[in-house]
Amino acid sequence: AAVYKDKTGVLWVGGQAGLTRLDAPRRQYRHYILPGRPAFAQDDTSVTAIVGDEQGRLWVGTDYGVSRYLPADDRFEFHRLVGPHGDPYQSSVSALFEDTRHRFWIGTESGLILFDRTSGEVQRRFMPDPRRDDALPNGFVTSLCEDGTGRVWVNTLDGIASFDGLHDSFRRYTESDDPRHSLGSNTILACLAAPEGKLWVGTDNGLDLRRVEAGED
């Protein structure tokens, strides 16, 4: 399920039965069945994430990809996530995030995607690789956040990782690391930037507060 309040005060609520638009001031209500559902699928398209970008555009993540709201037509335009050879990435979207550099990130249950909203294409896909220490720690991305230094953090089911944009790599942190950086659990659910260079990290075993060191990446 996902909930988002846009700049006009409209509340968007998503779940297994699709997406609902609640305009309380105008007392208006509308339910949307989102596009993109394959012909073989028996259930409605489930909404897993909702976010608005810097241009005020609404994006919705589903079981099958992402959709952008077209207010002039009051409908959604579907974007299937496909690889360089046109092969679709068969994975549910689990998180949507735009950083301060206006990069648009799509977390899925099998990898992290950098998405070009202008072309509607996948720019880059990051996957876990057990042979590399600087790869994404786990394929299931639960959420993303950004700290006060502009560093993007990726939360997964096996630790949290900061993204190094210069080298397209990650620095991973888990519960077994050095005590200064250790976490209460490897199952990371959320993170939030805090004052004084700190980061709140929510896990399935409580809440951790860690310091973000300048230049640690």
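Note: the structure precedes this text.
Everything quoted here is computed from the prediction, not taken from an experiment.

About the thresholds
- Counting restarts for each chain, with residues numbered from 1 along the sequence as it is written.
- The predicted nature of this model means local features are confined to residues of pLDDT at least 70 and side-chain atom pairs, given and counted, to a pLDDT of 80 or more, with totals for whole chains, interfaces and linings taken over all residues.
- As a rule here, side-chain values come from all non-hydrogen atoms in the structure, and water together with hydrogens is ignored.
- Whether a set of points on the 1 Å grid over the protein atoms alone is a cavity depends on a 1.4 Å probe fitting there but being unable to get out, while an open set qualifies as a pocket with protein on both sides within 12 Å along at least five of seven lines; lining residues are those with an atom within 4 Å of a point.
- Grid points are joined across faces, edges and corners, and a volume is the space filled by probe spheres set on the points.
- Polarity classes work like this: nonpolar for Ala, Val, Leu, Ile, Met, Phe, Trp, Tyr, Cys and Pro, charged for Asp, Glu, Lys and Arg, and polar for all others, with Gly in that last group.
- Note on disulfides: each one is a pair of cysteine sulfur atoms within 2.5 Å.
- Helix and strand assignments follow DSSP, with helices taken as H or I runs no shorter than four residues and strands as E runs no shorter than two, numbered in order from the N terminus.
- Burial status follows relative accessibility: with a 1.4 Å probe on protein chains alone, a residue under 20% of its type maximum counts as buried, one over 50% as exposed, and anything between as partly exposed.
- Here a polar contact is recorded for every N or O atom pair within 3.5 Å, except that within protein the pair must consist of a potential hydrogen donor and a potential acceptor, and residues adjacent in sequence are included only if both atoms are side-chain atoms.

> Which residues make up the layout of surface pockets, and what values do they have?
Looking at the largest pocket, its volume works out to about 280 Å³. Along the wall of the largest pocket there are 16 residues; nearest its centre are Asp6, Thr8, Gly56, Leu58 and Tyr69. For the lining of the largest pocket, the residue count by class is six nonpolar, three polar and seven charged.

> Can you tell me about the state of the cysteines, naming the residues and giving the values?
In a disulfide, the sulfur atoms of two cysteines are covalently bonded to one another. Evaluation of the coordinates by the stated rule reveals one disulfide. Here Cys145 pairs with Cys191 through a disulfide, and the sulfurs are 1.9 Å apart. Taking the sign of the S-S torsion, about -120 degrees here, the bridge from Cys145 to Cys191 comes out left-handed. Taken together, the residues Cys145 in strand β13 (residues 141-146) and Cys191 in strand β17 (residues 188-194) connect sequence positions 46 residues apart. Cys191 carries the same exposure label as Cys145, and that label is buried.

> Provide a residue-level description of the environment of Asp74, including the pertinent values.
Along the chain, the position of Asp74 falls in the loop between β7 (66-70) and β8 (75-79). On a C-alpha basis, the gap between Asp74 and Tyr32 in space is 9.6 Å, while along the polypeptide they are 42 residues apart. A polar atom in the side chain of Asp74 sits 2.5 Å from the side chain of Tyr32.

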